[in-house]
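A structural walkthrough
This is what each chain is made of:
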Amino acid sequence: MGSLAQSSLLPVIDLSQAGSKLGTASWAVACEQVRSALEEYGCFVAVYDRIAPQLMAEVYRALEDLFDLPVETKVQNVSKIPYHGYLGQKDYIPLHESLGIERSTVAESVRSFTGLMWPEGNDHFSETISSYAREVAELERLVVRMVCEGYGVGGYHESHEARVNYLMRVNRYRAPRENEVTAGLLPHTDKSFITVLNQNQVNGLEVKTKDGDWIEFQAFPSSFVVMVGDAALAWSNGRMHSARHRVTMTRDTPRYSVGIFSYHRGVVEVPEEMVDGDHPRRFNSFDHYGLLRFFTTPAGTASPCTATAYCGAG
Ligand SMILES: O=C(O)CCC(=O)C(=O)O
Ligand SMILES: [Fe+2]
């Protein structure tokens, strides 16, 4: 039996060296830990020291500059894809503001976002954001590879890599004023395949367990929250859990966070290996951006599980 303190924490897995251990016994053990955490909690805390602390500090300085721009500038961040542009000034979550940087691992795409925000140019911002996105994308690919190996569908990660887009969403939550709501972000599941989150020193992210308890993520240096999105829930035929999470602001300091969300271009096939006697088919193959668009419809918003409503089998 774990103590209360232990059982109130999210699983922590050190992936700093995992990439260099491919195929070894310790790699197989780590793949199993990743799979099991994503099935039980829908997330885990990755320790990943391959991203330099200096780059992390530059990312958060860049975010302060970005959010300090006038709202009229920030609202120019628009997209044809839902939840890929500016969100903010909402009465029901007044503390929250966020922007989306599409295809954040592609330098040209980040430069075009930067050009909208700083027409006079800001190369340092573009370079900082692109570097960070590429490094976190590597962590995402490592996790997907480990998940695939954990399920015995090792070859699948290659088709993931060939078709993945990485959306970066950056968030600022201001501190609540007296008598103001503390909700920074309402409970939700992500529509991504995998999300990798990082935050500045201010905690606030909470994850709901299958038992209905909320666990606060307590950040430490080189810690990233890896989270299952609804697309990976469906891809795994419901084996992985996509956890509800929310942000609560209890401190008097603003909170910054940055998420990398992986999305597939086109149809995500549910591998045959995911379906067996113990796991009858629960999901059909589906269009990933279609799932996201469905979420914005009245039927999608109303359904307790977007993936089941969109591509559930039977
Ligand atoms: O700010 C955070 O830590 C969480 C953000 C989040 O859940 C999201 O953008 O989907
Ligand atoms: Fe989220």
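Conventions we followed
- Residues numbered from 1 in each chain as written.
- Chains lettered and ligands numbered in written order.
- Predicted model: local features only at pLDDT ≥ 70, side-chain atom pairs only at ≥ 80, totals over all residues.
- Near = placed C-beta within 6 Å.
- Nonpolar A, V, L, I, M, F, W, Y, C, P; charged D, E, K, R; others polar.
- Buried ≥ 20, exposed ≤ 12 C-beta atoms within 10 Å, placed from the backbone.
- Helix = DSSP H or I, 4+ residues; strand = E, 2+ residues; numbered from the N terminus.
- Arc of directions from axis to C-beta.
- Contact = placed C-beta atoms within 7 Å.
- UniProt positions renumbered as here; feature names shortened; annotations may be inferred.
- Pairing = 2+ DSSP bridges.
- Axes fitted to C-alpha atoms, helices over the stretch in contact; angles between N-to-C directions.
- Parallel < 35°, antiparallel > 145°, perpendicular 65-115°, else oblique.
- Left-handed = near helix turned anticlockwise from the far one by under 90°.
- Core = buried A, V, L, I, M, F, W, Y, C linked by C-beta atoms within 7 Å.

1. A closer look at the site of ligand 1
- In the neighbourhood of ligand 1, the contacting residues comprise Arg169, Asn171, Leu185, Asp190, Leu197, Gln199, Leu205, His245, Val247, Ser257 and Gly259.
- A breakdown of the residues in the shell around ligand 1 according to their chemical character gives four nonpolar, five polar and two charged.

2. Notes on helix α5 (residues 107–117)
- Those residues of α5 that fall on the buried side of the exposure criterion are Val110, Phe113 and Thr114. Taken down its axis, α5 places every buried residue within 100° of arc, on the same side.
- Considering only its buried residues, α5 is in contact with β4 (96–101) and α6 (123–150).

3. A word on unusual backbone geometry
- At Gln89, a residue that is not glycine, the phi angle is positive and equals roughly 60°.
- By secondary structure assignment, the location of Gln89 is in the loop between β3 (87–88) and β4.
- Overall, the presence of 12 C-beta atoms within 10 Å leaves Gln89 in the exposed class.
- In this model, Asn237 sits at a positive phi of 55°, which is unusual for a non-glycine residue.

4. Remarks on the UniProt feature "domain: Fe2OG dioxygenase" (unreviewed entry) in the protein chain
- Annotation from UniProt places "domain: Fe2OG dioxygenase" (unreviewed entry) at residues 163–265.
- Here residues 163–265 is 7% helix and 48% strand, with 5 Å between the C-alpha atoms at its ends.

5. Let's talk about helix α9 (residues 288–295)
- Where α9 is concerned, the buried positions are His288, Leu291, Leu292, Phe294 and Phe295. Summarising the axial view, the buried residues of α9 lie within an arc of 160°, below the 170-degree limit, and thus occupy one face.
- Check the buried side of α9 and you find it contacts α8 (230–235), β12 (255–264), β13 (267–268), β14 (286–287), α10 (298–302) and α11 (306–311).

6. Examining the pairing of strand β5 (residues 164–173)
- For β5, the tally of buried residues reaches 10 of 10 residues, placing the bulk of the element in the interior.
- Here β5 shows two buried faces, one formed by Val164, Tyr166, Met168, Val170 and Arg172 and the other by Asn165, Leu167, Arg169, Asn171 and Tyr173.
- When β4 meets β5, the two strands line up antiparallel, connected through six bridges. By the bridge assignment for β5, Ser98 is matched with Asn171.

7. A closer look at the sheet that holds strand β9 (residues 214–216)
- Read across the sheet, four strands follow the order β6-β11-β8-β9 without closing on themselves; strand pairing throughout is antiparallel. What marks the edges here is a single partner per strand, and that holds for β6 (183–188) and β9. Each strand of the sheet is rotated relative to its neighbour by a mean of 25°, with strand direction disregarded.
- Inspection of the sheet shows β6 paired to strand β11 (residues 245–248) by three bridges, in the antiparallel sense. Paired with His188 across the bridge in β11 is His245.

8. A closer look at the sheet that holds β3
- As summarised here, the arrangement of the eight strands in space is β1-β2-β10-β7-β12-β5-β4-β3, forming an open sheet in which the pairing is mixed. Two strands lie at the open edges of the sheet, namely β1 (12–14) and β3, each paired on one side alone.

9. Some words on the packing of α6 against helix α7 (residues 156–163)
- Their axes nearest at 9 Å, the elements α6 and α7 cross at an angle of 150°. By the angle between their axes, α6 is roughly antiparallel relative to α7. You can see that α6 and α7 cross each other, and the crossing is right-handed. Here Arg141, Val144, Arg145 and Cys148 of α6 come into contact with α7, specifically with Tyr156, His157, His160 and Glu161.

10. What about the nonpolar core?
- In terms of nonpolar packing, the biggest core is built from 80 residues, with Cys43, Phe44 and Val226 touching the most fellow members.
- Of all the elements, α6 adds the most residues to this core, at 13 residues.
- When near neighbours in sequence (up to four residues on either side) are disregarded, Val226 contacts Cys43, Phe44, Ala46, Val143, Ile194 and Val196.

11. A word on the packing of helix α3 (residues 53–67) against α6
- Where α3 contacts α6, the two axes come as close as 10 Å, and the packing angle between them is 130°. In terms of orientation, α3 lies oblique with respect to α6. Considering how the two elements wind past one another, α3 and α6 form a crossing that is left-handed. Here Leu55, Glu58, Val59, Ala62 and Asp65 of α3 come into contact with α6, specifically with Phe125, Thr128, Ile129, Ser131 and Tyr132.
- Of the residues assigned to the contact of α3 with α6, the class counts are six nonpolar, two polar and two charged.

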